[in-house]
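So the chains spell out like this:
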Amino acid sequence: MLQRTRPTERYARGFIAALAAVAALVLAANAGPAKAVGPDADHGTTAPVEVEAAER
């Protein structure tokens, strides 16, 4: 037969689960693509040459 858990234990488990969820979300948010390195690092767009020529 299962024993009832104390409210303190339930709240502690919930708090630990919430901390783990927040840590996972923070890690996932920071796991983006790496920044470009090189002479064209500040360019930032990947538009085709034809489009860039038409905009001029």
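Enquirer: So what's going on with the overall build of the chain? Which residues, and what values?
Expert: Secondary structure summary: the chain contains two helices and zero strands in total. Burial statistics for the chain: of 56 residues in total, 0% are counted as buried. Only carbon and sulfur atoms are counted for the fraction: they give 64% of the accessible area of the chain, which is about 5,700 Å².

Enquirer: Outline a nonpolar patch on the surface, listing residues and values.
Expert: A contiguous nonpolar patch, built from F15, I16 and L19 and spanning about 340 Å² of accessible area, is present on the exposed surface. Take L19: it is sitting in helix α1 (residues 7-29).

Enquirer: Describe the pattern of salt bridges, and please don't skip the residues or the numbers.
Expert: Counted by the stated rule, this structure contains one salt bridge. R6 is the partner of E9 in a salt bridge, and the nearest nitrogen-oxygen pair spans 3.3 Å. Using a relative accessible area of 31% as the deciding quantity, one classes E9 as partly exposed. For R6, a relative accessible area of 57% corresponds to the exposed category.

Reading the values: the criteria
Residues numbered from 1 in each chain as written. Predicted model: local features only at pLDDT ≥ 70, side-chain atom pairs only at ≥ 80, totals over all residues. Heavy atoms only, no water. Helix = DSSP H or I, 4+ residues; strand = E, 2+ residues; numbered from the N terminus. Buried < 20%, exposed > 50% of the residue type's maximum accessible area, 1.4 Å probe, protein only. Areas by Shrake-Rupley, 256 points an atom, 1.4 Å probe, with all protein chains shown as cover. Patch = residues over 30% accessible without salt bridge, like charges linked within 9 Å, V, L, I, M, F, W, Y side chains within 5 Å. Salt bridge = Lys/Arg side-chain N within 4 Å of Asp/Glu carboxyl O.

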